[in-house]
Amino acid sequence: MQSAISTSSNLPIIPHIIILKIKETIEMMHNPLFLVLAVIFSSLVIPSVTGAKASSSFSVDLIHRDSPTSPFYNASLTSTEILRKNALRSMSRLKHFRSLIDQSAIRSALIPSGGIYLMKLSFGTPPVEYFAIADTGSDLIWIQCLPCGQCYPQGSPPFDPRASSTYKEIPCGSDTCQALPRKQCTNTNDCQYSYGYGDNSFTVGALSTDTLTFDSSNGKITAFATSIFGCGHNNQGKFRSPTAGLVGLGGGPLSLVSQISTRIDNRFSYRLVPRTSSSSSKLLFGQEAVISRPGAVSTPLITKTPPTFYFLSLEGVSIGDKTAQPDSSHRNIIIDSGTTLTLLESNFYNSLETIVKDTIGADPVQDPSGTYRLCYGAETNINVPEMVFHFSGADLRLQPVNTFRINADLMSMLIVPSDSLSIFGNYAQINFRLEYDLQKRTASFAPTDCTKQ
């Protein structure tokens with residue numbers, strides 16, 4: 001019998017048995033029972049796992065360390081105590097940011113006990129879930145690993161690389177190893193990292209790769225194979241249980257966002273809820289991170305050394321028709337999710353404080369703790385003015401929730417002076433959707449009720 005299918009030299013010869021199978025399959029597809037089953041199976045909701053090359057769009061919860069949903073939550077602390085502790089962390093963070101920038105010190109800018117936001121992620125195959133500090137002011141991803149020469153208590157067993165079928169250590173001569181600020185070779189030619197922190201805390205271990213998995217808030221599971229992280233075998237200092245490590249979201253080559261940049265369309269964003277909210281803040285990647293609403297403004301991200309930090313250009317701050325301006329050498333400001341307060345160079349701050357005082361008109365009172373420079377009695381009937389931060393090409397209107405906070409019997413301004421470096425802190429970012437476009441090198445802001453998003 002002659003086949004009806006051509007066997008031209010330009011086409012492969014198809015065996016007769018395959019032709020019969022194709023015919024059977026086509027006939028089966030016309031069977032009503034087959035069609036019913038197809039509809040049933042296509043309607044099943046199956047959690048998807050992102051593969052190694054697919055574009056990824058997902059979001060995870062950002063848990064403020066002092067919120068009721070945080071494993072750090074301490075119900076005995078008053079709001080005043082929490083705010084003052086966070087303010088002290090801001091000042092410590094400033095000092096070490098300055099150390100890293102001014103002296104090119106081989107230290108991480110993060111103060112380990114000062115991590116403000118936490119996130120969940122899983123390491124290895126099968127995946128093991130941990131809490132880690134999420135930080136836009138550092139790069140390396142790391143967790144505590146077995147065997148532990150020295151490890152701090154973390155509330156769950158450290159990661160066991162021997163139990164993961166996808167774990168690998170990175171060789172010492174690799175480009176990845178060379179990206180570390182401090183490294184050395186082991187006897188087996190593996191790359192050992194060493195990170196020191198400003199309070200003498202440290203983490204030392206093997207630079208490695210494994211699968212990182214995120215449970216997105218929309219129910220999707222997203223996995224990234226061969227992600228680079230530090231497997232810490234020696235970790236001591238002011239780290240706190242139950243966090244197992246840190247996820248760097250900075251601009252350096254080893255950060256999470258740099259590693260997965262092409263998979264997330266070079267975009268990530270976050271939205272921070274007010275401290276009194278019962279809902280969680282969100283960290284978003286890929287298309288979920290895109291701002292597509294009226295009122296959004298954008299400003300360039302400025303590249304400086306080290307590339308870890310996200311710098312913006314701040315041209316002034318206005319209240320009504322009065323504007324405080326920095327001198328030309330102090331216009332660059334770090335935007336940071338891990339710093340609570342906004343810090344401005346002293347002369348710039350003094351100009352702004354004068355305008356605030358003149359606008360409010362009431363007599364300030366002194367903060368007994370010395371934490372805040374400008375305070376008023378909580379019972380004082382004052383109207384907190386709107387402040388407009390003039391970034392290059394983008395005017396950002398800050399509401400009272402961003403600039404003042406009542407703690408005990410004081411209403412204090414959440415902006416304080418700095419002897420050099422300026423930082424745009426996370427209180428100023430509350431109720432904004434903030435998108436980082438790493439390809440266009442822009443930061444975009446959109447006013448948002450983040451409790452409803």
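Some points on the overall build of the protein chain
Helix and strand counts for the protein chain stand at seven helices and 27 strands. Counting only residues that meet the buried cut, the protein chain has 51% of its 453 residues in that class. Carbon together with sulfur atoms contributes 54% to the accessible area of the protein chain, which is approximately 20,800 Å² in total.

Comments concerning the environment of Leu341
Tracing the backbone shows Leu341 in the loop between strand E17 (332-335) and strand E18 (342-345). A relative accessible area of 0% means that Leu341 is categorised as buried. Once the C-alpha coordinates of Leu341 and Ala428 are considered, the two residues, 87 residues apart in sequence, prove to be 7.7 Å apart.

Quick look at the confidence of the model for the protein chain
Model confidence for the protein chain is summarised by a mean pLDDT of 83, while 80% of its residues fall at 70 or above. Taken together, the stretch residues 32-52 has pLDDT below 50 and engages in 18 contacts with residues farther than four places along the chain or on a different chain. Scored below 50 in pLDDT, residues 103-114 shows 41 contacts in the model against residues more than four places distant or in partner chains.

Section: the sheet that holds strand E23 (residues 410-413)
With antiparallel pairing, the three strands of this open sheet are ordered in space as E19-E23-E22. A single partner strand is all that each edge strand has here, and the edge strands are strand E19 (375-377) and strand E22 (404-407). When strand polarity is set aside, the average angle formed by the axes of neighbouring strands in this sheet is 25°. The pairing of E19 with E23 spans three bridges and is classified as antiparallel. Paired with Cys375 across the bridge in E23 is Ser412. Each of E19, E22 and E23 touches helix H6 (residues 346-360); the most contacted strand, E19, lies at about 25° to it.

Some points on the nonpolar core
A general feature of soluble globular proteins is that nonpolar side chains tend to end up buried together. In terms of nonpolar packing, the biggest core is built from 90 residues, with Met387, Phe389 and Phe424 touching the most fellow members. With six residues, H6 is the largest single contributor of residues to this core. If we skip the residues at most four places from it in the chain, Met387 touches Val317, Ser318, Ile319, Leu352, Val356, Leu396, Arg397, Leu398, Thr403, Phe404, Met413 and Ile415. Counting residues in each nonpolar core, the second largest holds 19 residues, with Ile63, Leu140, Tyr152 and Tyr195 among its members.

Some words on the pattern of salt bridges
In this structure the tally under the stated criterion is eight salt bridges. Here Asp61 makes a salt bridge to Lys282, at a shortest N to O gap of 2.4 Å. Taken together, the residues Asp61 in strand E2 (residues 58-64) and Lys282 in strand E13 (residues 281-285) connect sequence positions 221 residues apart. For Asp61, a relative accessible area of 33% corresponds to the partly exposed category. Among the ionic pairs, Asp437 bridges to Arg267, the shortest N-O distance being 3.5 Å. Here Asp437 is found in strand E26 (residues 432-437), whereas its partner Arg267 is found in strand E12 (residues 267-271), with 170 residues between them in sequence. Its relative accessible area of 4% is what places Asp437 among the buried residues. Taking the relative accessible area as the measure of exposure, Arg267 reaches 18% and is therefore buried. Because the salt bridges share partners, they merge into one network encompassing Arg267, Glu435 and Asp437.

Analysis parameters
Residues numbered from 1 in each chain as written. Predicted model: local features only at pLDDT ≥ 70, side-chain atom pairs only at ≥ 80, totals over all residues. Heavy atoms only, no water. Helix = DSSP H or I, 4+ residues; strand = E, 2+ residues; numbered from the N terminus. Buried < 20%, exposed > 50% of the residue type's maximum accessible area, 1.4 Å probe, protein only. Areas by Shrake-Rupley, 256 points an atom, 1.4 Å probe, with all protein chains shown as cover. pLDDT = per-residue confidence, 0-100. Contact = heavy atoms within 4.5 Å. Pairing = 2+ DSSP bridges. Axes fitted to C-alpha atoms, helices over the stretch in contact; angles between N-to-C directions. Core = buried A, V, L, I, M, F, W, Y, C linked by side-chain atoms within 4.5 Å. Salt bridge = Lys/Arg side-chain N within 4 Å of Asp/Glu carboxyl O.

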